[in-house]
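In case you want the letters, here they are:
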Amino acid sequence: MVSSLQARIPPPWSHRGCRLHDQEPPRRSLVQRPSANLTKQGQRFLSSLAVIRDPKTAGRLISKFVASSPQFIALNALSHLLSPDTAHPQLSSLAFPLYMRITEESWFKWNSKLVAELIALLHKQGQCEEAETLISETLSKLESREREQVLFYGNLIDSFCKHKTKRGFEDTCDRLYLLLNSSSSVYVKKQALKSMVNGLCEMGKPYEAENLIEERRTKGLKLSSFEIRCVVYGYGRLGLFDDMERSVNEMVSEGFKVDTVCSNMVISSYGDHNELSRMFLWLQKMKDMGIPFSIRTYNSVLNSCSMIISMLQDLKSNDFPLSVSELTGVLKEDEMLLVKELVESSVLDEAMKWDSAEAKLDLHGLHLGAAYLIMLQWMEEMRERFNDEKYVIPAEVTVICGSGRHSTVRGESPVKAIVKKMMIRTGSPLKIDRNNVGCFIAKGHVVKDWLC
């Protein structure tokens, strides 16, 4: 699969002459990607499989489960086993037979993303022959349709990155590199470049990604901000901040705007390496440049504030402050400065809705520390509005925090737990809604009496 050009010149992701080859991206310590949440039927199925040692018995159980399960439940169980973060790693070898049984169902529709995830898992398990068979079958199915091929290879690269499978990743890059060079389609070339650059950065090789970008630039391919953002974040995650900041400057010189998305990548990178002073300076730069903060900005900053996180870890204690001023008074200077920058932003206003029918705060997407700070801001803002005659008193007040369906432990929402603790400690009339356990609700006039 290697062209004559590649035989002479190592591709950018090759181990030959690459200074970052042996550097692995640092693990994210505060926020881990949860595995696919299992349905109750899926949990029972996997629990039954876990105690079976005979392959034939396991096969019969798989066949019975698929035959008796709706499409969503069967695919949900398969997705869980395909995930690199599955709670049942000892059963991941059964993902392949489960997939093969699912393909026999009349409702099954072939999906290149699902196949790519299975191929990556098979590679990780050392079943390279089975993986190559699936790749060949997929390419045969796609025939010469380059647009579908490039999307499949992109899905494959994403999956290999998730599993940190180096050999499969490099083999796919070789295939995609051939397609990049041979195709006459600008769309195919751009998609191939995006997938390869993103994959190289995910695998801890931003320097190689930057070389690939430069190579394509010299061949006349017009770049997008996506590729440069990938390089910015790739350097940042490795703690190579000089290269990260250089890439940001190159992004500006290329005519691309440094926006909230790019800024959040920089902030997250500083946070991963506990560079809070650099993070503070970047927040100030965002403010000076008119770049708005977002929920992700809050998450990235507050996930990095170890004092705040430690305060919230043990909800049995009553140590965490219940006002912004009290909070900033107990924090170390670096965290205090970060909090002050955040509370001056408009993120709270974007999370709030206020009219005569309802005053609503939506905490979806906020991590624990961010939800805590927004709640402190919200109580102060609500007090000010209730004391201001230009604001009508809403009929109801609602705080939406979610029921924990997307939490690492299904049904156990850390955000809901901290909100409940804050409501109890402040004597709030807001109670869990009987009709929606993911909400706290109270009458507007009652909330006004509490706050004012």
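Residues numbered from 1 in each chain as written. Predicted model: local features only at pLDDT ≥ 70, side-chain atom pairs only at ≥ 80, totals over all residues. Heavy atoms only, no water.

Under an unreviewed UniProt entry, the name given to the protein is Pentatricopeptide repeat-containing protein, and the organism recorded is Melia azedarach.

**Points about the overall build of the protein**
Within the protein, the regular secondary structure consists of 23 helices and five strands. Burial analysis of the protein (452 residues in total) assigns 51% to the buried set. Long-range contacts, defined as pairs at least 24 residues apart, comprise 69% of the intrachain contacts of the protein with a sequence gap of at least 6. Per element, the accessible surface of the protein, about 22200 Å² overall, is 50% carbon and sulfur. (Helix = DSSP H or I, 4+ residues; strand = E, 2+ residues; numbered from the N terminus. Buried < 20%, exposed > 50% of the residue type's maximum accessible area, 1.4 Å probe, protein only. Contact = heavy atoms within 4.5 Å. Areas by Shrake-Rupley, 256 points an atom, 1.4 Å probe, with all protein chains shown as cover.)

**Regarding the packing of helix H10 (residues 186-202) against helix H11 (residues 206-218)**
It is at 7 Å that the axes of H10 and H11 come closest, and there the two elements cross at 160°. One finds that H10 runs roughly antiparallel with respect to H11. You can see that H10 and H11 cross each other, and the crossing is left-handed. In this structure, H10 uses Leu193, Met196, Val197, Leu200 and Cys201 to contact H11, whose residues at the interface are Pro206, Glu208, Ala209, Leu212, Ile213 and Arg216. Considered class by class, the residues forming the contact of H10 with H11 number nine nonpolar, no polar and two charged. (Axes fitted to C-alpha atoms, helices over the stretch in contact; angles between N-to-C directions. Parallel < 35°, antiparallel > 145°, perpendicular 65-115°, else oblique. Left-handed = near helix turned anticlockwise from the far one by under 90°. Nonpolar A, V, L, I, M, F, W, Y, C, P; charged D, E, K, R; others polar.)

**Overview of the sheet that holds strand E2 (residues 358-362)**
Read across the open sheet, the five strands follow the order E1-E2-E3-E5-E4; overall the sheet is mixed. Edge positions in the sheet fall to strand E1 (352-354) and strand E4 (431-432), since each of these pairs with one other strand and no more. Across three bridges, E1 lies against E2 in antiparallel orientation. The residue bridging Met352 from the neighbouring strand is Leu361, located in E2. Along the sheet, helix H21 (residues 368-386) makes contact with E1, E2 and strand E3 (396-400), crossing E1 at roughly 20°. Set on the sheet, helix H23 (residues 444-451) makes contact with E3 and strand E5 (439-443); between it and E5 the angle comes to about 90°. (Pairing = 2+ DSSP bridges.)

**Quick look at the environment of Glu384**
Its location among the elements puts Glu384 in helix H21. Taking the C-alpha atoms as reference, Glu384 lies 8.8 Å from Cys452; in sequence the two are 68 residues apart.

**Thoughts on the pattern of salt bridges**
One pass over the full model with this rule turns up 23 salt bridges. Note that Arg278 is salt-bridged to Glu245, the shortest N-O span being 3.3 Å. Highlighted residues: Arg278 in helix H15 (residues 276-289) and Glu245 in helix H13 (residues 241-253), separated in sequence by 33 residues. Judged by relative accessible area, Arg278 falls into the partly exposed class, the value being 31%. Where Lys287 meets Glu344, a salt bridge forms, and the shortest distance between an N and an O atom there is 3.5 Å. Highlighted residues: Lys287 in helix H15 and Glu344 in the loop between helix H19 (333-343) and helix H20 (347-351), separated in sequence by 57 residues. By relative accessible area, which is 43% here, Lys287 ends up partly exposed. The structure contains a network of salt bridges with shared partners spanning Glu210, Asp243, Arg246 and Glu250. (Salt bridge = Lys/Arg side-chain N within 4 Å of Asp/Glu carboxyl O.)

**As for the confidence of the model for the protein**
Any residue range with low pLDDT should be treated as having predicted coordinates unsuitable for detailed reading. Model confidence for the protein is summarised by a mean pLDDT of 88, while 89% of its residues fall at 70 or above. Every residue in residues 1-10 is under pLDDT 50, and counting partners more than four places away or in other chains gives 13 contacts. Contacts for the low-pLDDT stretch residues 15-35, under 50 throughout, to residues beyond four places or in other chains number 48 contacts. (pLDDT = per-residue confidence, 0-100.)

**Observations regarding the packing of helix H2 (residues 40-50) against helix H4 (residues 71-82)**
One way to put it is that H2 packs onto H4 with a least axis distance of 9 Å and a crossing angle of 55°. With respect to each other, H2 and H4 are oriented oblique. In this structure, H2 crosses over H4, and the sense of that crossing is right-handed. Counted together, Gln41, Gly42, Phe45 and Leu46 of H2 and Ile73, Ala77, His80 and Leu81 of H4 form the full contact between these two elements. Across the contact of H2 with H4, the residue classes tally to five nonpolar, three polar and no charged.

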